[in-house]
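# Topology and contacts: notes
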Amino acid sequence: MAAINDNLQAVAARLREAARACGRDPSSVRLLAVTKTVPSDAIREAFGAGQRSFGENYVQEALEKQAALAGMRDGIEWHLIGPLQSNKTRAAAGGFDWVHTVDREKVARRLSEARAADAPPLNVLVQVNVSGEASKSGVPPAQAGALARAVAGLPRLRLRGLMAIPEPTEDTRLQLEHFRAARTLFDELNKQGLQLDTLSMGMSQDLEAAVAEGSTMVRVGTAIFGARTNAKAAA
Ligand SMILES: *Cc1c(COP(=O)(O)O)cnc(C)c1O
């Protein structure tokens, strides 16, 4: 049972090393622990090791685990990192602190309408498709600015930045190229006055490249909780 604690420390060490290698402050990169298919006992264990931010891909799965971890609800920050259908926006607006995958104005509007008036605004990232695959979600880079401005104008949302899931590749040069495209867009939008502070990119396989290109939040599952066996995890 010490494995999760050990793995968290190993990932933290990788992040420190990646930051050091490019002259960044290690505290400028946050670790989001990705828990799709991971049972709530393992989340409890990671919580015990000090981890507080968790990312889930499916709204229903997340709500079930949140119920099982009810006593810890206040201490945990929940992030939705999977595709969001518009019929799930109400549940998502109530069950999460962050949504990383906004790629349509309609979904943003619904999230804002559904976010409770007495809750803090929902933190939102605009998902951008930097590797141009037809199969992946995310807004094309050329449309990210318009969507980001729309999100920024919605009363119950707080625009925080961008999120990217580039196509998986072992080719470090390609990894860097895709992450750099996200970073360039992030910098441009900030120059236009959007005040973004979060660039969510990098996973177990490519977090070093993501940190080198300016990621402020890496989303790591396998390197913390081990390989996922559930078929749903392949989605
Ligand atoms: C599953 C998932 C991750 C974590 O991937 P690992 O390779 O297990 O670290 C990160 N981001 C998203 C959007 C995911 O779906």
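For clarity, every value in this text was computed on a predicted model and none was experimentally measured. (Residues numbered from 1 in each chain as written. Predicted model: local features only at pLDDT ≥ 70, side-chain atom pairs only at ≥ 80, totals over all residues. Heavy atoms only, no water.)

### Considering the overall build of the protein
- Along the backbone of the protein there are nine helices and eight strands.
- The dimensions of the protein, computed from C-alpha atoms along their principal axes, are 45 × 40 × 35 Å.
- Taking the contacts inside the protein whose residues are at least 6 apart along the sequence as the reference set, 62% of them involve residues at least 24 apart.
- With the model as given, the accessible surface of the protein reaches about 10,900 Å², and the carbon-plus-sulfur share is 50%.
- In the protein, the 29 positive side-chain charges and the 26 negative ones have mean positions that sit 4 Å from each other. (Helix = DSSP H or I, 4+ residues; strand = E, 2+ residues; numbered from the N terminus. Contact = heavy atoms within 4.5 Å. Areas by Shrake-Rupley, 256 points an atom, 1.4 Å probe, with all protein chains shown as cover. Lys, Arg positive; Asp, Glu negative; His and termini not counted. Charge placed at Lys NZ, Arg CZ, Asp CG, Glu CD.)

### Overview of the nonpolar core
- Leu111, Val151, Leu162 and Ile224 are the most contacted members of the largest nonpolar core, which totals 64 residues.
- A total of six residues in this core trace back to one element, the largest contributor, which is helix H1 (residues 3-21).
- Leu32, Val34, Trp98 and Met163 belong to the second largest nonpolar core, which has seven residues in total. (Core = buried A, V, L, I, M, F, W, Y, C linked by side-chain atoms within 4.5 Å. Buried < 20%, exposed > 50% of the residue type's maximum accessible area, 1.4 Å probe, protein only.)

### Some points on the side chain of threonine 216
- As for its position among the elements, threonine 216 is in the loop between helix H8 (207-212) and strand E8 (217-220).
- Among the polar contacts made by the side chain of threonine 216, one reaches the main-chain amide nitrogen of leucine 199 at a distance of 2.9 Å. (Polar contact = N/O pair within 3.5 Å; in protein donor to acceptor, adjacent residues only side chain to side chain.)

### Describing the site of the ligand
- Inspection of the region around the ligand gives Val34, Lys36, Asn57, Ile81, Ile165, Met203, Ser204, Arg219, Val220, Gly221, Thr222 and Arg228 as its neighbouring residues.
- Within the side chain of arginine 228, a nitrogen or oxygen atom sits 2.9 Å from an oxygen atom of the ligand.
- Coverage of the ligand by the protein amounts to 90% of the 380 Å² it exposes when considered alone.
- Among the residues making up the shell around the ligand, the classes are represented as five nonpolar, four polar and three charged. (Near = heavy atom within 4 Å. Nonpolar A, V, L, I, M, F, W, Y, C, P; charged D, E, K, R; others polar.)

### Brief notes about the pattern of salt bridges
- Within the structure shown, the criterion is met by 11 salt bridges.
- Across the pair arginine 14 and glutamate 208 runs a salt bridge whose closest N-O atoms are separated by 2.8 Å. Here arginine 14, found in helix H1, pairs with glutamate 208, found in helix H8; they are 194 residues apart in sequence, far enough to count as distant.
- Here arginine 183 and aspartate 187 are joined by a salt bridge, their closest N and O atoms 3.1 Å apart. Residue arginine 183 and its partner aspartate 187 are located together in helix H7 (residues 172-191), separated by four residues, close to a single helical turn.
- On the basis of relative accessibility, which here comes to 29%, the residue arginine 183 falls in the partly exposed class. (Salt bridge = Lys/Arg side-chain N within 4 Å of Asp/Glu carboxyl O.)

### Topic: the packing of aromatic side chains
- With the rule as written, the count across this model stands at one aromatic pair.
- Centre to centre, the rings of phenylalanine 54 and tryptophan 78 are 6.0 Å apart; their planes meet at 40°, and the pair counts as tilted. Taken as a pair, phenylalanine 54 in strand E2 (residues 53-56) and tryptophan 78 in strand E3 (residues 77-80) lie far apart in primary sequence, 24 residues in all. By the burial criterion, phenylalanine 54 is buried, and tryptophan 78 matches it.
- Taking the ring centre of phenylalanine 47 as reference, the NZ or CZ of arginine 52 above it sits at 3.6 Å. (Phe/Tyr/Trp six-rings, centres within 6.5 Å; stacked < 30°, edge-to-face > 60°. Lys NZ or Arg CZ within 6 Å of the ring centre and 35° of its normal.)

### Some remarks on helix H5 (residues 105-114)
- Those residues of H5 that sit buried are Val107, Ala108, Leu111, Ser112 and Ala114.
- Residues of H5 that are buried sit in contact with helix H4 (89-95), strand E4 (98-102), strand E5 (122-127), helix H6 (141-152) and strand E6 (157-163).

### Quick notes on the environment of leucine 194
- Tracing the backbone through its elements, the reader meets leucine 194 in the loop between H7 and strand E7 (198-200).
- Take leucine 194: its relative accessible area is 14%, and that puts it in the buried class.
- Between the alpha carbons of leucine 194 and leucine 159 there is a distance of 8.4 Å; along the sequence they are 35 residues apart.
- In this structure, leucine 194 is in contact with Ala148, Arg149, Ala152, Leu159 and Leu189, ignoring residues within four places of it in sequence.

### Topic: the pairing of strand E1 (residues 30-34)
- In terms of residue burial, E1 counts as a mostly covered element, since four of its five residues are buried.
- Pairing analysis gives four bridges linking E1 to E8, with the strands arranged parallel. Across the sheet, arginine 30 pairs through a bridge with methionine 217, a residue of E8.
- Sheet topology note: the E1/E2 ladder contains two bridges and is parallel. Along E2, the bridge assignment pairs valine 34 with glycine 55.
- Taking the sense of rotation as the criterion, the β-α-β connection linking E1, helix H2 (residues 40-48) and E2 turns out right-handed. (Pairing = 2+ DSSP bridges. Right-handed = clockwise from strand over helix to strand, strands pointing away.)

On their own, these measurements won't tell you what the molecule is for.
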